[in-house]
Amino acid sequence: MPPLRVVCYVNQFFGQIGGEDKAGTGPQSLEGPVGAARAIHQALGDAGLVVATLACGDNYVAERSEAAIGELVDLAAGHAPDLLIAGPAFLAGRYGVACGALCAAAARLGVPAVTGMHRENPGVELYRRRVYIVETGADAARMLDDARRLVALGLKLARREAIAAPGVDGYFPRGLTRNTLAPATAARRATAMLLDKLAGHAVSSEVPLPDFPTIAAPAPVRDLGHATIALVTDGGLVLKGNPDEIEPLAATRFGAYSIEGQRGLDPGRYDNVHRGYDTTFVKQDPHRLVPVDVARDMEGQGRIGKLHETVYSTTGVATTLAHSERMGREIAAKLRAARVDAVILTST
Amino acid sequence: MRLALEWSDVTSVASGPATRLSASALEIDLDGLRRQLERDPRLASVRLDLAHPGESCRIGRVFDVYAARARDDGAEDFPGVLGALCRVGSGRTRALGNVAVVVTDQQIDNPSTLAVIDMCGPAAELSVFARTHNLVVSARPAASAGRSEYLAAIRQAGLRAAVHLARAARAVEPDTIEVFDLPAPTRVPGDLAHLPRVAYVFQIHSHQRPTGVDEGILYGDPVRRMVPTLIHPNELLDGAVVRGFMGRAVTTWAIQNHPVIRELYALHGRALWFTGVVLTVAQATEPERVRSAAMAAGLVADVLGADGAIFTKIGGGAPHVDMAQTAALCEARGVKTTLIVEDMSTDGSEEGMLLFNFPGLDALVNVGSAQEKVALPAMARTIGTDDPAAATAFTYGSICGAIEQVGATRVMALVQ
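Cut-offs used in this document
Residues numbered from 1 in each chain as written. Chains lettered and ligands numbered in written order. Predicted model: local features only at pLDDT ≥ 70, side-chain atom pairs only at ≥ 80, totals over all residues. Domains from an automatic or database assignment. Contact = placed C-beta atoms within 7 Å. Helix = DSSP H or I, 4+ residues; strand = E, 2+ residues; numbered from the N terminus. Nonpolar A, V, L, I, M, F, W, Y, C, P; charged D, E, K, R; others polar. Pairing = 2+ DSSP bridges. Axes fitted to C-alpha atoms, helices over the stretch in contact; angles between N-to-C directions. Buried ≥ 20, exposed ≤ 12 C-beta atoms within 10 Å, placed from the backbone. Core = buried A, V, L, I, M, F, W, Y, C linked by C-beta atoms within 7 Å. Expected span 1.5 Å × (residues − 1).

**Thoughts on the domain arrangement of chain B**
Residue and element names in this part refer to chain B.
Phase 1: Parsing chain B into structural domains produces domain 1 (2-176) and domain 2 (187-372 + 383-398).
Phase 2: Put simply, the middle of domain 1 and the middle of domain 2, counted by C-alpha atoms, are 25 Å apart.
Phase 3: Tallying the contact residues gives 37 residues for domain 1 and 29 residues for domain 2.
Phase 4: Of all the secondary structure elements, the ones that give two or more residues to the side of domain 1 that touches domain 2 are strand E5 (43-51), strand E6 (57-71), strand E7 (91-105), strand E8 (115-118), strand E9 (133-141) and helix H3 (147-167).
Phase 5: Broken down by element, the side of domain 1 that touches domain 2 gets its largest block of residues, 10 residues, from E6.
Phase 6: Of the residues assigned to the side of domain 1 that touches domain 2, the class counts are 19 nonpolar, 9 polar and 9 charged.

Take a look at the structure:
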């Protein structure tokens, strides 16, 4: 196997350009290993050569972010690398963020990339999901050891070898799940885990416990008689034929259905595509899901000011957190723009 | 209560003039069995095939899998679904090792909700059903048979075939006898009273889709209004519960060989005291869910007096939350819990794995992601399907026996 072509990235300090006074220096490509890249070169041994070292000032990247990363990626691409190794950035924040951004950009171009940081470097939280970040010490005291671990993971990536668990290959968990074969059945693991828990030992859950932020309840509506109320549902109401192509599960889209001039929802005009519950009854009468009938009555009696003339609907079943949050934001923005005061959200 | 499973190991299966077992070679009178199964007026025709371990063969449109079992002391087989009603779980039952009955669904238009079994290749590594000799029952519906009638008919056909095969073992001495003997939960000998008492909470159905009148699950009952119920584990090993009409990632086979029950039996009297099983169903409405969770937790904590409990679920998201709500109530009563969950993420992200957030539920085992894609090669022969599309896109959930929600499998989603 020919030695791999490796391009390194370092900041002005680790590239021996200078200290904070040189942090505004623009990107440059230096031949061979320079500064900290020499440790990478040494760790590579016969497996690869550092063909170039890219160096750039921390402030230059921080101030121009995307443009600077674009320049650096172009410089790297000029060397046709098999692998990009950025840093390690240790506890240096601006440097860590630059390393993460550069590795993410390189990975998008199909160039395997790895960086290294201390766990408290802000670059870890920003980039660990997209980039392999090896855990290092806080400073360069164990530079060669850290370089060896970056190189070990980098070689695996460049050779397209299977990557082991975060704890084994020494990188921060990327938050992605992948099926593997455990040594024992789930029943056996669950029983062993229960006995450990009963014995008061610490147990290691196979599913990380979620850490969802608490969402504060909004203030009550003071005067319903003058409030505009909207109806929103994740129960799967769609127009017949599902023109918005709302997915029966794992939705990425929502529908906006006008009820202007309608006393209620005509079962002949609506359907339901939700795959998470028995929809027989809401298909018979969509008001069981979206109470337009009752809301119109209350509007007529003056008990609410006005019923908003658009109903928003999607399917809330196996929907990803990311799409749920996005759709929620988009619907909320439309409601806010329409000066809606409150929402009745019906779920299933 | 004492149940003896009398095992005869089978090393070869072939068609023959009569169904008989001799020196671990099983011969099956396929014609005779087919004629017997075709007597059901709900079925137009029945086709029987054999598939063997290592063959380049794919069984498509898999509906469910049954272990070959037959009661050996005059009691009824699968009471309420196949045999007349009676209680099972004590006495002697014949069992064939390395043999399974696989039932395919020949009625549904879109087979994408059904599973496949490959007898070799990468999927075979994941499924116990690639290591069993499989009798595959593929029945075409009679013109008059509705969906529910058809599914009830093919389920009975599969169970009938499973009993037919196991009865052949009556003529030989069993190779091994596996004894499941568990006293009533109060009868703990004094010198074992220090062992932690462990219960199992088994969710046997999800009412996300209500059961049909033909869909017997617990002793033939469609469990429509079932509240949490105590049951002896032997009953589950002996045919008291048959899986409903839907349920990817769970087979009746796994219930007949229930891995949690076997594990608790294996440690019973040594590392723990097995106090029994609570059956639950996942409910469709809020009051039913709250009632069920409260009653199940009460049975675990205050009737069985358990110190710890293991939970499994069946079906999708709502059952997942039902299970968690019950477990959270157990934790609140001081009962330690572990839960077996699927990775529910639809985008492969850590945040999507769980659908609940009860801080006390900190011991979770997972059976992997059913949605993760897996590439499978084409097979030389297919059974139960002539759909060539069955040779392309697969997920772990579409491989029968790769993921069993009751915990029989080793696939596990790892966060990386």
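**Some details on the sheet that holds strand E15 (residues 336-341) of chain B**
Phase 1: Across the sheet, which stays open at both edges, the 6 strands sit in the order E12-E13-E11-E14-E15-E16 (chain B) with mixed pairing between neighbours. Two strands lie at the open edges of the sheet, namely strand E12 (229-231) and strand E16 (364-366) of chain B, each paired on one side alone. Along the sheet, successive strands turn relative to each other by an average axial angle of 25°, direction set aside.
Phase 2: Sheet topology note: the E12(B)/strand E13 (residues 273-282) of chain B ladder contains 3 bridges and is antiparallel. Within the sheet, the bridge partner assigned to B:Leu230 lies in E13(B) and is B:Val278.
Phase 3: Contacts from helix H7 (residues 186-198) of chain A reach strand E11 (197-206), strand E14 (308-312), E15 and E16 of chain B, with the element oriented near 160° to E15(B).

**Focus: the pairing of strand E4 (residues 83-86) of chain A**
Residues and elements named next belong to chain A.
Phase 1: The alternating pattern of E4 places Leu83 and Ile85 on one face and Leu84 and Ala86 on the opposite face, and all of these are buried.
Phase 2: As defined by bridge partners, strand E1 (residues 4-11) adjoins E4 across 4 bridges and the pair is classed as parallel. Within E4, the position partnered with tyrosine 9 by the bridge is alanine 86.
Phase 3: Here 3 bridges tie E4 to strand E5 (residues 113-117), and the two strands are oriented parallel to one another. Paired with alanine 86 across the bridge in E5 is threonine 115.

**Details of the domain arrangement of chain A**
Phase 1: When its domains are assigned, chain A resolves into domain 1 (4-169) and domain 2 (224-346).
Phase 2: Between domain 1 of chain A and domain 2 of chain A, the C-alpha centre-to-centre distance is 49 Å.

**Details of the interface of chain A and chain B**
Phase 1: Contact residues are listed per partner, giving 43 residues for chain A and 56 residues for chain B.
Phase 2: Of all the secondary structure elements, the ones that give two or more residues to the side of chain A that touches chain B are strand E7 (177-181), H7 and helix H10 (321-337) of chain A.
Phase 3: If one sorts the elements of the side of chain A that touches chain B by residue count, H7(A) sits on top with 11 residues.
Phase 4: In the side of chain A that touches chain B, the residues fall into 27 nonpolar, 9 polar and 7 charged.

**Comments concerning the nonpolar core**
Phase 1: Residues B:Val101, B:Val137, B:Leu165, B:Val300 and B:Ala309 are the most contacted members of the largest nonpolar core, which totals 152 residues.
Phase 2: Element by element, the count of residues in this core is highest for H3(B), at 12 residues.
Phase 3: Setting aside its immediate chain neighbours within four residues, B:Ala309 contacts B:Val198, B:Ala199, B:Tyr200, B:Val201, B:Val300, B:Cys330, B:Val335 and B:Thr337.
Phase 4: If you look at the next biggest cluster of nonpolar residues, it comprises 64 residues, including A:Phe14, A:Val51, A:Val111 and A:Tyr132.

**So, helix H8 (residues 317-332) of chain B**
All names here are of chain B.
Phase 1: Taking 1.5 Å per residue as the helical rise, H8 with its 16 residues ought to reach 22 Å, and the 23 Å between its terminal C-alpha atoms agrees with that figure.
Phase 2: Most of H8 sits out of view: 12 of its 16 residues are buried.
Phase 3: Within the span of H8, buried status applies to Gly317, Ala318, Pro319, His320, Asp322, Met323, Ala324, Thr326, Ala327, Leu329, Cys330 and Glu331.
Phase 4: Residues of H8 that are buried make contact with E11, E13, helix H7 (286-303), E14 and E15.
Phase 5: Note on H8: the residue one or two positions beyond its end, glycine 334, has a positive phi of about 90°.

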